[in-house]
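# Secondary and tertiary structure notes
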Amino acid sequence: MSIAIVSIGRSHTGDADGTPLTGDAIVCREGVISWIGDTADVNPDEHDAVLDAGGAGVVPGLIDSHVHTTFGDFTPRQQTVGFLESYTHGGVTTALSASEVHVPGRPGDPEGVKALAVAAQRCFANFRPGGMTVHAGSVILEPGLTEADFRWLRDQGVWLAKAGFGAVGSPRDYVPLVKAARAAGIVVTVHTGGGSIAGTLDRIDADAVLAMAPNVSFHANGGPTALPVRDNERLVVEGGDLALQLVMAGNLRSSLQLCEVAREHGQLHRLLIASDTPTGTGVVPLALWHLTAELVSLGGLDWRAAVASMTGHVARVYGLSSGRLEIGRPADLLVLDAPLGSVGEDWVGALEVGDVPGVCAAITDGVVRYTRSRNTPAPRRPVKVLDQRR
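Residues numbered from 1 in each chain as written. Predicted model: local features only at pLDDT ≥ 70, side-chain atom pairs only at ≥ 80, totals over all residues. Heavy atoms only, no water.

Our next topic: the sheet that holds strand β9 (residues 92-97). Strands sit in the order β6-β9-β10 across an open sheet of three strands; the sheet is parallel. At either end of the open sheet lies a strand with only one pairing partner, and these are β6 (62-67) and β10 (133-135). Strand-to-strand twist across the sheet, computed as the mean angle between neighbouring axes with direction ignored, equals 20°. Two elements, β6 and β9, share four bridges in a ladder whose sense is parallel. Paired with Ile 63 across the bridge in β9 is Thr 94. (Pairing = 2+ DSSP bridges. Helix = DSSP H or I, 4+ residues; strand = E, 2+ residues; numbered from the N terminus. Axes fitted to C-alpha atoms, helices over the stretch in contact; angles between N-to-C directions.)

With that settled, the discussion passes to the nonpolar core. With 70 residues, the main nonpolar core has Val 139, Leu 141, Phe 150 and Trp 289 as its most contacted residues. By residue number, the principal contributor to this core is helix α8 (residues 287-297), which donates seven residues. Discounting residues that sit within four places of it in the chain, Trp 289 has contacts with Leu 62, Gly 90, Met 310, Leu 334, Leu 336, Leu 351, Val 356, Pro 357 and Val 359. (Core = buried A, V, L, I, M, F, W, Y, C linked by side-chain atoms within 4.5 Å. Buried < 20%, exposed > 50% of the residue type's maximum accessible area, 1.4 Å probe, protein only. Contact = heavy atoms within 4.5 Å.)

This part takes up the pattern of salt bridges. The final tally for this structure, using the stated rule, is 13 salt bridges. Its salt-bridge partner being Arg 374, residue Glu 85 comes within 2.6 Å of it at the nearest N-O pair. On the criterion of sequence distance, the pair formed by Glu 85 in helix α1 (residues 83-88) and Arg 374 in the loop between β21 (367-370) and β22 (384-388) is long-range, its members being 289 residues apart. The partner of Arg 324 in a salt bridge is Glu 326, and the shortest N-O contact between them spans 2.7 Å. (Salt bridge = Lys/Arg side-chain N within 4 Å of Asp/Glu carboxyl O.)

Let us look at the packing of helix α3 (residues 147-155) against helix α4 (residues 175-183). Remark: α3 packs on α4, axes separated minimally by 8 Å, with the N-to-C direction vectors making an angle of 40°. In terms of axis orientation, α3 runs oblique to α4. The two elements α3 and α4 meet at a crossing, and its hand is right-handed. Residues Glu 147, Phe 150 and Arg 151 of α3 lie in contact with α4, whose contacting residues are Leu 177, Ala 180, Ala 181 and Ala 183. Each residue belonging to the contact of α3 with α4 can be placed in one class, and the counts come to five nonpolar, no polar and two charged. (Parallel < 35°, antiparallel > 145°, perpendicular 65-115°, else oblique. Left-handed = near helix turned anticlockwise from the far one by under 90°. Nonpolar A, V, L, I, M, F, W, Y, C, P; charged D, E, K, R; others polar.)

Most of strand β13 (residues 187-191) is tucked away: five of the five residues are buried. The alternating pattern of β13 places Val 187, Thr 189 and His 191 and Val 188 and Val 190 on opposite faces, both of which are buried. Crossover connection from strand β12 (residues 160-163) via α4 to parallel β13: handedness right-handed. Looking at chain direction, β13 and strand β16 (residues 216-218) are connected through three bridges and run parallel. Bridged to Thr 189 within β16 is Val 216. (Right-handed = clockwise from strand over helix to strand, strands pointing away.)

Turning our attention to the state of the cysteines. For the coordinates displayed, the defined rule picks out zero disulfides. Free cysteine: Cys 28, not disulfide-bonded; nearest cysteine sulfur from Cys 360 at 16 Å. (Disulfide = S-S within 2.5 Å.)

Everything listed is a geometric property; what it means functionally is a separate question.
What follows is the structure, given as structure tokens:
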């Protein structure tokens, strides 16, 4: 399968600097980006489909690093089927499990949480709802788990772990569990801020997060209740390479403050933008774009940093090959434009005035999944299919 996208407007390759494409055309073959260059050099006869972007922009597909998956495309928390496929129509092409904590009757013993993580990982290994890649199976850290357990999980394909919902006596009890999981090569995330489910810890503050030293501070802006300003400052200043995740289902004021401190200290590369859904906040297919539009339009982030926080930054923190528009990378990308009626001239201008861009098309694994999002507003410049072999 070969897909070409031509006449591309403003682009963002996913890096921290918001580097544009070195050309205005991309070719995707056999699931990867195989060529980047000029539209004039594209021969339509060599491709299964040619998409004319008509000046609309291209960015990497979004990576949502905080999705509450369970099994299949279903969320028990909101009793909704097909939410992941709907998220692809918001531009999310990769989802990362925030642990399968919402599975009804979830186990709390070491063997049970190991089995749950492996089952979830296996469930999505060959299942791509709407063309989305789902990295499921995030083991919930419970007392009694050992480094040997984590090494076994890693051998089984589970490479994510979550602190914050286990039956521990205090946040500090997570410290040895996080250390053991990281030693086994597992990416560890930690619930930050006030508790979100009855029976869990009331709050995990900056002292606890810094003592644990995980890879990612989940919803550093609150999920849903935020930490004090001083704690936010400490996470930025004292956190080393700790990734700081901002979520739509959190506290906007705290998000803006974290962005300000990160900018002052040259730490914007540590910010991630995610949804933290489905939760009590609901199923929100446009969660990442809504938070991004708020942060960009209110002055929290430059648009380049914001897009990187949904693409290349996430890929770097989690060790993913997606999230960048480069030759040899997975062919997961979005075509974007300003929505009809926006005062923004293109998708960047839309973000700068607080509007959600219109997703003109999504490609995952080198396959065109749609040429009109059912969830975003209609784009000003819709994609045109110039040529397609039947």
